[in-house]
Amino acid sequence: MIAVLDDDRLDQTFAALSNSTRRKMLQQLSKGAATVSELAKPFEMSMPAISKHVRVLEQAGLIRQSRRAQYRPCTIQAAPLNEVVEWTEQYRHIWETSFDRLHSYINEIEQAKEAT
Amino acid sequence: MSHTQPVVIEETFDTSIENMWDMWTNGEHFANWYGPQGCTIPVADIDATVGGQRRVSMAMETPNGPMEMWFGGAHLEVSPLTRLVYTEVMTDPAGNPMPPSAMGMDGNKPFVTEVTVELEDLDGRIRVTMTHAGVPAGSPGEFGWRQAFEKLVAYIA
């Protein structure tokens, strides 16, 4: 469990996802590449503020901004989201083993009850 | 990709609903089954009232020696024999939530998760449905991100 929670990258992913502007940006990018000014369009926000959100997403590895093309389009990246799914899987494993133990423990208790 | 958030586990047990409720709300019982194989629960203080705290420590042997972790949290909903909702966050031994930055990483807010336990009596067998969701730091109870997340996961699947 600790190995999971220690993962700073995962933390960065969740932090990046915990803002509604950035989630909307990701949703837009899930439909296809977009430039920063296209991403800015739905929001009444200064360009520096928009750039900051884009930077957070980029640092979390959720998007990549092309350095080569003239308009520098942003694209969504799947890897960090896969890590979030893996985090879920590790929790699932912990609960599954706990539930196995719960079955044994309840059997013990029920048998002890019957014995008395 | 077949799984999305959150973790949901459903199991049926041959016991009474009162007994099953105790498994989650009485620390002495909880300590006897919770946690991965090979770990022990030296401390499980559970005050199962709304706002009541949970304090649980988990100990295990690792190749690098013994390791101990502490978890805290509070009960958000306590409907006896029916439904229990509590938060979980990693803490230091004194019970202070630990932000990732305390461990030398990015992020100033503790990482909070939420556990929901629902019990149902099926003619003498008890069905337990456990849901464990990650909640982004600083926004417990905010569900919008989950919907967004599900869409994104569907997208990358």
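These numbers come from a predicted model, not from an experiment.

1. Topic: the overall build of chain B
- From N to C terminus, chain B includes 3 helices and 7 strands.
- Across chain B, helices and strands are ordered from the amino to the carboxyl terminus as β-α-α-β-β-β-β-β-β-α.
- Buried positions account for 27% of the 157 residues belonging to chain B.

2. As for the overall build of chain A
- From N to C terminus, chain A includes 6 helices and 2 strands.
- Scanning chain A from its N terminus toward the C terminus, one meets helices and strands in the order α-α-α-α-α-β-β-α.

3. So, the nonpolar core
- M20, W24, F30, V117, L119 and V128 of chain B are the most contacted members of the largest nonpolar core, which totals 24 residues.
- Among the elements of the structure, α6 (79–115) of chain A together with α1 (17–25), β2 (39–46), β3 (53–62), β5 (83–91), β6 (112–122) and β7 (125–135) of chain B are those that each provide at least two residues to this core.
- M20 of chain B has contacts with F13, T15, L119, I126 and V128 of chain B, leaving out every residue within four places of it along the chain.
- Membership of the second largest hydrophobic core comes to 15 residues, among which are A15, M25, L39 and A60 of chain A.

4. Section: the packing of helix α3 (residues 20–29) of chain A against helix α5 (residues 47–59) of chain A
Residues and elements named next belong to chain A.
- At a closest axis distance of 10 Å, the pairing of α3 and α5 adopts a crossing angle of 70°. The angle between α3 and α5 falls in the class roughly perpendicular. Together, T21, R22, M25 and L26 of α3 and H53, V56 and L57 of α5 make up the contact between the two elements.
- Among the residues making up the contact of α3 with α5, the classes are represented as 4 nonpolar, 2 polar and 1 charged.

5. Examining α5 of chain A
- With 13 residues, α5 of chain A extends 18 Å between its outermost C-alpha atoms, agreeing within 8% with the 18 Å of an ideal straight helix rising 1.5 Å per residue.
- One or two steps after α5 of chain A, the chain reaches G61 of chain A, where phi turns positive at roughly 80°.

6. A short note on the pairing of β3 of chain B
Residues and elements named next belong to chain B.
- Both β2 and β3 contribute to a ladder of 6 bridges, which runs antiparallel. Residue pairing for β3: I46 is matched across the bridge by R54.
- Linking two consecutive strands that pair antiparallel, namely β2 and β3, is a turn of 6 residues; a positive phi of about 90° is found at G51 within it.
- Between β3 and strand β4 (residues 65–79), which follow one another and run antiparallel, lie 2 residues.

7. Remarks on the environment of D121 of chain B
Residues and elements named next belong to chain B.
- Along the polypeptide, D121 turns up in strand β6.
- The class for D121 is partly exposed, based on 13 C-beta atoms found within 10 Å.
- Between the alpha carbons of D121 and S16 there is a distance of 8.2 Å; along the sequence they are 105 residues apart.
- Setting aside residues up to four positions removed in sequence, D121 forms contacts with I17 and I126.

8. Let's talk about α3 of chain A
- Regarding α3 of chain A, the residues found buried are R22, R23, M25, L26 and L29 of chain A. Along the axis of α3 of chain A, the buried residues cluster in a sector spanning 160°; they form a single face.

9. With respect to the confidence of the model for chain A
All names here are of chain A.
- Mean pLDDT over chain A stands at 82; residues scoring 70 or higher make up 84%.
- Mean pLDDT in chain A bottoms out at helix α1 (residues 2–5), which sits at 39, and peaks at α5, which reaches 94.
- Note on residues 1–6: pLDDT under 50 across the span, and 7 contacts to partners over four residues away in sequence or across chains.

10. As for unusual backbone geometry
- Backbone geometry places R72 of chain A, a non-glycine residue, at a positive phi of 45°.
- Examined against the element boundaries, R72 of chain A turns out to sit in the loop between β1 (63–65) and β2 (74–76).
- One non-glycine residue, D123 of chain B, lies in the positive phi region at around 50°.

11. Let's talk about the confidence of the model for chain B
Residues and elements named next belong to chain B.
- Averaged over all residues, the pLDDT of chain B equals 78, while 74% of them reach at least 70.
- Residue range residues 136–149 is modelled with pLDDT below 50. Its contacts to residues more than four positions away, or to other chains, number 30 contacts.
- Here residues 151–157 is a poorly scored stretch, pLDDT under 50, and it has 15 contacts once near neighbours within four places are set aside; other chains count.

12. Quick notes on the environment of R55 of chain B
Residues and elements named next belong to chain B.
- With respect to the helices and strands, R55 occurs in strand β3.
- A tally of 17 C-beta atoms within 10 Å means that R55 is categorised as partly exposed.
- As for R55 and A44, which are separated by 11 residues in sequence, their C-alpha atoms are 5.7 Å apart.
- With sequence-adjacent residues up to four places away left out, R55 is seen in contact with V43, D45, G72 and G95.

Calculation criteria
- Throughout, residues of each chain are indexed from 1 in the direction in which the sequence is written.
- Written order determines the labels here, with chains lettered from A and ligands numbered from 1.
- Reporting in this predicted model follows two pLDDT cut-offs: at least 70 for local features of residues, and 80 or more for side-chain atom pairs to be given and counted; totals over whole chains, interfaces and linings ignore these cut-offs and use all residues.
- Runs of E in the DSSP output that reach at least two residues are strands. Runs of H or I that reach at least four are helices, and both are numbered from the N terminus.
- Backbone-placed C-beta atoms define the burial measure: a residue is buried with 20 or more other C-beta atoms within 10 Å of its own, exposed with 12 or fewer, and partly exposed in between.
- Each nonpolar core consists of buried Ala, Val, Leu, Ile, Met, Phe, Trp, Tyr and Cys residues. Their C-beta atoms, within 7 Å, join them into a set.
- What counts as a contact is two residues whose backbone-derived C-beta atoms lie within 7 Å of each other.
- To obtain each axis, a line is fitted to C-alpha atoms, and for helices this fit is confined to the stretch in contact; angles are then taken between N-to-C directions over 0 to 180 degrees.
- For classification purposes, an angle smaller than 35 degrees is called roughly parallel, one larger than 145 roughly antiparallel, one from 65 to 115 roughly perpendicular, and anything else oblique.
- Put simply, Ala, Val, Leu, Ile, Met, Phe, Trp, Tyr, Cys and Pro go in the nonpolar bin, Asp, Glu, Lys and Arg in the charged bin, and everything else, Gly too, in the polar bin.
- Here the expected length of a helix is defined as 1.5 Å per residue gap, with one fewer gap than residues.
- Any two strands with at least two DSSP-identified bridges between them are counted as paired.
- For this quantity, the arc is that covered by the directions from the helix axis to the C-beta atoms.
- What pLDDT expresses is the predictor's confidence in each residue, scored from 0 to 100.

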